[in-house]
Amino acid sequence: MAAISGHWAFAFGVLGNIVSFIVFLSPLPTFYKIYKKKSTEGYQSIPYVVALFSSMLWIYYAFLKTNTTLIITINSFGCFIETIYVGFYLFYAPKKARIQTVKMLVLSVVGGFGVIVLVTQFLFKGAARGQAVGWICLVFSLCVFVAPLGIVRQVIKTKSVEYMPLLLSVFLTLSAVMWFFYGLLVKDINIAIPNVLGFVLGILQIVLYVIYNKKEKAILKEEKVPEKIQNHVIIVDDYNNQKLPELTEEQIIDIVKLGSLISSGKIHVASCLHNSKCGVEAVKVENMPKLQTAEA
């Protein structure tokens, strides 16, 4: 039974490495834009500094435990790629943003990580040291998973999913699932618990994307209708000085089609002013509302 559990743990750990590898590479399009424009364009370095600090913490935790090779592999890659991101950001960032990034690096990576290592090395021994570092990793991971709530709030406020990519939310959710089962199978609550919250928030982001993406498409569809009506014939009853009833979307589309036929010359329309009679090709129409052409 233990052997089967070990095989499943290894399988979920490998899948977790693969998904997390994709997540670590997700900022590449952002940095390609920065490279093309030679400017950070207001992008912040906080996510990359935090990810670097998180990877360093998990590597330290993994070295204090046994059978944590899969934790070491993915977080070593995380340290490598996040260091490149931060360096790239520093190269193209303006002076003010560069100074802020350096301050964060000193406070978190040098100061924060250094203090954690020194305190745990001198105040804890044996298994207690690994447990203390594990709790620190757990709390920090919870904070990292809570961070996207700012994006969720922005989506609800603006009713737009522009700043919440669907693929990234999906991969973060998959990553949380893989590492939850890995932590569960190796009986490590420090790995399993944070990923429960990660899974819940990931599902929340996906649900919000589906809801507000549909609303956004509906709004765009409504905005396109007036564009279709421009430069087409609109009937206005000036003689009776009455407002025409509001038209349904289907009626508006029919008017647009009719306007297209009129503009193409396939249909001839007579315009009658007041009570005068007029005709086109032996067709007489009386008291017909005046036809006016809407200007774009």
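Residues numbered from 1 in each chain as written. Predicted model: local features only at pLDDT ≥ 70, side-chain atom pairs only at ≥ 80, totals over all residues. Heavy atoms only, no water.

- For the protein, the name recorded in an unreviewed UniProt entry is Bidirectional sugar transporter SWEET, with Nicotiana tabacum as its organism.
- Recorded under Sequence similarities (unreviewed entry), the UniProt text for the protein is reproduced unchanged: "Belongs to the SWEET sugar transporter family."
- Among the UniProt annotations of the protein, the heading Subcellular location (unreviewed entry) holds the following wording: "Cell membrane". (UniProt positions renumbered as here; feature names shortened; annotations may be inferred.)

## A word on the overall build of the protein
Inference 1: Helix and strand counts for the protein come out as 10 helices and 4 strands.
Inference 2: Going residue by residue from the N terminus, the α and β elements of the protein occur as α-α-α-α-α-α-α-α-α-β-α-β-β-β.
Inference 3: In the protein, buried positions account for 32% of the 296 residues.
Inference 4: Restricting to contacts in the protein with at least 6 residues of sequence separation, those with at least 24 account for 71%.
Inference 5: Roughly 19100 Å² of accessible area belongs to the protein as shown, and the carbon and sulfur atoms make up 67% of that amount. (Helix = DSSP H or I, 4+ residues; strand = E, 2+ residues; numbered from the N terminus. Buried < 20%, exposed > 50% of the residue type's maximum accessible area, 1.4 Å probe, protein only. Contact = heavy atoms within 4.5 Å. Areas by Shrake-Rupley, 256 points an atom, 1.4 Å probe, with all protein chains shown as cover.)

## Side note on the packing of helix 3 (residues 46-64) against helix 6 (residues 127-146)
Inference 1: In contact at an axis separation of 9 Å, helix 3 and helix 6 are set at 155° when each is read in the N-to-C sense. When the axis of helix 3 is compared with that of helix 6, the two are roughly antiparallel. The element helix 3 and its partner helix 6 pack so that their crossing is left-handed. Along its contact with helix 3, which presents Val50, Phe53, Ser54, Leu57, Trp58, Tyr60, Tyr61 and Leu64, the element helix 6 presents Arg129, Gly130, Val133, Gly134, Ile136, Cys137, Phe140, Ser141 and Val144.
Inference 2: In terms of residue class, the contact of helix 3 with helix 6 is made up of 12 nonpolar, 4 polar and 1 charged. (Axes fitted to C-alpha atoms, helices over the stretch in contact; angles between N-to-C directions. Parallel < 35°, antiparallel > 145°, perpendicular 65-115°, else oblique. Left-handed = near helix turned anticlockwise from the far one by under 90°. Nonpolar A, V, L, I, M, F, W, Y, C, P; charged D, E, K, R; others polar.)

## Let's talk about a nonpolar patch on the surface
Inference 1: A contiguous nonpolar surface patch, about 460 Å² in accessible area, is contributed by Val196, Phe199, Val200, Ile203, Val207 and Ile211.
Inference 2: Locating Val196 in the fold gives a position in helix 9 (residues 189-229).
Inference 3: According to the relative accessible area criterion, Val196 is partly exposed, its value standing at 41%. (Patch = residues over 30% accessible without salt bridge, like charges linked within 9 Å, V, L, I, M, F, W, Y side chains within 5 Å. Salt bridge = Lys/Arg side-chain N within 4 Å of Asp/Glu carboxyl O.)

## Notes on the UniProt feature "transmembrane region" (unreviewed entry) in the protein
Inference 1: As annotated in UniProt, the feature "transmembrane region" (unreviewed entry) corresponds to residues 6-25, 46-64, 70-92, 104-124, 130-151, 163-185 and 191-212 in the numbering used here.
Inference 2: With 100% helix and 0% strand, residues 46-64 has its two end C-alpha atoms placed 28 Å apart.
Inference 3: Counting secondary structure, residues 70-92 comes out at 100% helix and 0% strand; the distance between its end C-alpha atoms is 34 Å.

## What to know about helix 8 (residues 166-185)
Inference 1: For helix 8, built from 20 residues, the straight-helix expectation of 28 Å at 1.5 Å per residue is met to within 8% by its first-to-last C-alpha distance of 29 Å.
Inference 2: By the burial criterion, the buried members of helix 8 are Ser169, Thr173, Ser175, Ala176, Met178, Trp179, Tyr182 and Gly183.
Inference 3: Positive backbone phi, approximately 60°, marks Lys187, located one or two places after helix 8. (Expected span 1.5 Å × (residues − 1).)

## Details of the nonpolar core
Inference 1: Among the nonpolar cores identified, the biggest contains 38 residues, and Leu57, Ile71 and Tyr182 are the most heavily contacted of them.
Inference 2: Contributing elements (two or more residues each) for this core: helix 1 (2-25), helix 2 (28-37), helix 3, helix 4 (69-92), helix 5 (95-123), helix 6 and helix 8.
Inference 3: In terms of residue count, helix 3 provides more of this core than any other element does, 11 residues in total.
Inference 4: Leaving out residues up to four positions away in the same chain, Leu57 has contacts with Phe113, Ile116, Val133, Ile136, Cys137 and Phe140.
Inference 5: Val155, Val161, Met164 and Tyr209 belong to the second-largest nonpolar core, a separate cluster that totals 7 residues. (Core = buried A, V, L, I, M, F, W, Y, C linked by side-chain atoms within 4.5 Å.)

## Some words on the environment of Ala128
Inference 1: Here Ala128 shows up in helix 6.
Inference 2: Taking relative accessible area as the criterion, Ala128 reaches 35% and is therefore assigned partly exposed.
Inference 3: Along the backbone, Ala128 and Leu64 are 64 residues apart, and their C-alpha atoms lie at a distance of 10.0 Å.

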